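Spelled out, the chains give:
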Amino acid sequence: MARPPPSFKTLIHRQNPPRTIQNPNPQIRTLGGGSEEFVQTHHQSKLEGLTQIAKEVSKVIRTRPRWERTLISDYPSVNFLDPQFFHEILKQQNNAFLSLRFLYWLSSANHGFVPDKLLCSVIFDSLVEAKATNAAKSFLGFVDFTPQPDSLERYIRCLCENCDNRSIEEALSVFDYLKEFGFCPALETWNSALFGSVQAGKIDVVWKLYGEMMDNGIVGDVDTVEYLIQAFCIDNNVSKGYELLRQVLEDGFVPSNVAFNKLISGFCKDGKYSSVSALLHTMIAKNCRPDIYTYQEIIHNLCKRGVWREGFRIFNDLKDRGYAPDRVMYTTMIHCLCEMKRIGDARKLWFEMVRKGILPNEYTYNALIYGLCKVGYIEDAKELYKEMCCRGYKETTVSYSTMISGLCLHGRTEEACELFQEMDEKGIARDIITYNSMIQGLCKELKIRESMNLLDELLEKGLQPSASTYTSLIEKLCEMEDLDKAKILWRDMQNRGIEPAVCTYDFIITGLSNKGYVAEGMEWLNAMLKSGLRPQQQTFERLIQCLSRADKLDEVILVLDYMFNVGYVLRKSICQDVVDRLCDKNSLQTLHIETCLGFIMQKEITAPEVF
DNA sequence: TTAGGGTTAG
């Protein structure tokens, strides 16, 4: 994997060096030449005639839907295969798509037109200018033509603006093609490739590209720095990004708010609020006023970490200071209040937003629907869902999953099942969250077979299960003492490389204990502790109870020891149970019992009060 | 209206 560059000391120069690497590929260098010569060999009068007909034909192509069927019979005297005529059409049309359609028609088997390189070049450039990258790509596949490096650079930049993975892949492959032929793209193109890679989350590619930039003697600018800072943040290396920021600030360059906001967001995620504060001060000192995006990052992250009061305080404070929260900001705050079950406050914000003329969108609707479901106002949630649909917002995987999980949470599993079916009928994709919510709901009602069917179904569909997919299934199987099936699921999870939720161990240990398989329970407990996981107190207690009932006193002492080491204290009821059990034994074991009791008493005194 | 931000389980 490519590593981030070790130093940025010489990253920015005011003036970029000239592009010294020349294209050694004669094929690329000669493309597109000869147009002047071409034009000069024809008479002016012929040109005027062609122009007139091209005007008419262009109009036909523009306005008549099925012009392909009649064009030749309508203009029997026109030689459509004359390249010069096509050039005239291009001039008249000034529409890349129509020209391309005309070219495809002319080139089809019946007509057999072969466009010259100049024509290809004009069409390709106009497609790129119209940002029609898909058409440009299909055009390249259709003709035997390689655009000039400058055209390819524009194509790369256009592809990188698209921000989707396929475009970025294509851009990078064209980029590699240029480099292969020794052509060194301009800084603007390097930057757009960096931008595209950042957008696509391809951080390896960012470092690779940056390494190549340095190798080629290309010196970045403030945009380059911005993309590198973003790359560091995505790589969870926020402090390295901050270091880079400080370096360029020292050199007198100030990146845009985007870079600052990414760093702030990264520090918020890490809970490093002193760095957030320092960054806010730096922004103000550098005349970059923290904007709505800056505060939205802060509020969003505070709420995610459960510090909703502080988030709400900042939100209200911003309004007092004259910031106008927008729809996203309102949605973030409403969602956060919903998460905290502050449904009254969330509703107030909703109406405040509407009063200000900001219309809720699908995100806002889903956030409040989620909140209403969470507190059990299912009817209100349904009502709002209807309103959302009436307003023209489409039902989505998220909207359905929100309702399904809300219904399941409040025991209305049948209604959830109906919605689950409806999704299929309406062609709305179910994702792993939809399945997990439904599986949880069904498990709660002990409908294990239905849940297992859903697990099979999601696997068949090629969805990647998560730990939650298995958690409730294993929990219920253990509760129902079907330990064999629970263990099969456990192994299945492990084979798929899914890290089980910690509580899954607890369920299995408790299940084994309840079934009297205490030795195996001990094995699982040991495995759990060895992995540094913390069992729940009830897990220890249940195992201790079952061990003591099975007269396994040594193991009781061992588990008690583990439990105290983890930091739990022995509750009275369990203590009583164990002591009763010990005192029940015959006199031969008196000495041993005394030792045990002594051990318990001693630990009881020294164990920490609260954990 | 430069970019950059928001919704579903556990």
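Conventions we followed
- Residues numbered from 1 in each chain as written.
- Chains lettered and ligands numbered in written order.
- Predicted model: local features only at pLDDT ≥ 70, side-chain atom pairs only at ≥ 80, totals over all residues.
- Heavy atoms only, no water.
- Salt bridge = Lys/Arg side-chain N within 4 Å of Asp/Glu carboxyl O.
- Helix = DSSP H or I, 4+ residues; strand = E, 2+ residues; numbered from the N terminus.
- Buried < 20%, exposed > 50% of the residue type's maximum accessible area, 1.4 Å probe, protein only.
- Near = heavy atom within 4 Å.
- Polar contact = N/O pair within 3.5 Å; in protein donor to acceptor, adjacent residues only side chain to side chain.
- Nonpolar A, V, L, I, M, F, W, Y, C, P; charged D, E, K, R; others polar.
- Phe/Tyr/Trp six-rings, centres within 6.5 Å; stacked < 30°, edge-to-face > 60°.

Points about the pattern of salt bridges
Then comes step 1: Using the criterion set out here, one finds 32 salt bridges in the structure.
Then comes step 2: For the salt bridge of Glu-153 with Arg-157, the shortest nitrogen-to-oxygen distance reads 3.9 Å. Of this pair, Glu-153 and Arg-157 both sit in helix α9 (residues 149-161), four residues apart, which is roughly one turn of the helix. Just as Glu-153 is buried, Arg-157 falls in that class too.
Then comes step 3: Asp-317 is the salt-bridge partner of Arg-321, the closest N and O atoms lying 3.5 Å from each other.
Then comes step 4: A relative accessible area of 45% means that Arg-321 is categorised as partly exposed.

Quick notes on the protein's contact with DNA strand B
Then comes step 1: Neighbouring residues of DNA strand B: 36 residues in total, closest Asp-291, Tyr-293, Asp-326, Asn-366 and Gln-440.
Then comes step 2: Backbone sugar and phosphate groups make up 37% of those atoms of DNA strand B lying within 4 Å of the protein.
Then comes step 3: One of the side-chain nitrogen or oxygen atoms of Tyr-293 is found 3.0 Å away from a base nitrogen of DNA strand B.
Then comes step 4: Within the side chain of Ser-437, a nitrogen or oxygen atom sits 3.5 Å from a sugar or linking oxygen of DNA strand B.
Then comes step 5: Breaking the surface near DNA strand B down by element, the ones donating at least two residues are α15 (257-269), α17 (292-304), α19 (327-339), α21 (362-374), α23 (397-409) and α25 (432-444).
Then comes step 6: For the surface near DNA strand B, the element with the most residues is α19, which contributes six residues.
Then comes step 7: Class assignment for the residues of the surface near DNA strand B results in eight nonpolar, 21 polar and seven charged.

Topic: the packing of aromatic side chains
Then comes step 1: Tallying each qualifying case throughout the model produces 27 aromatic pairs.
Then comes step 2: Here the aromatic rings of Phe-80 and Trp-105 are separated by 5.9 Å at their centres, their planes lie at 80°, and the arrangement is edge-to-face. Pair noted here: Phe-80 is in the loop between α4 (67-74) and α5 (83-93) and Trp-105 is in helix α6 (residues 96-107), with a separation of 25 residues, a long-range link. Of the two residues, Phe-80 and Trp-105, neither departs from the other in class, the shared state being buried.
Then comes step 3: Here the aromatic rings of Trp-490 and Trp-524 are separated by 4.9 Å at their centres, their planes lie at 75°, and the arrangement is edge-to-face. You can see Trp-490 sitting in helix α28 (residues 483-495) and its partner Trp-524 sitting in helix α30 (residues 518-530), a full 34 residues away along the chain. Here the two residues Trp-490 and Trp-524 agree in accessibility, since each one is buried.
Then comes step 4: An aromatic cluster of three or more residues is present, and its members are Trp-67, Phe-80, Phe-85, Phe-86, Phe-102, Trp-105 and Phe-113.

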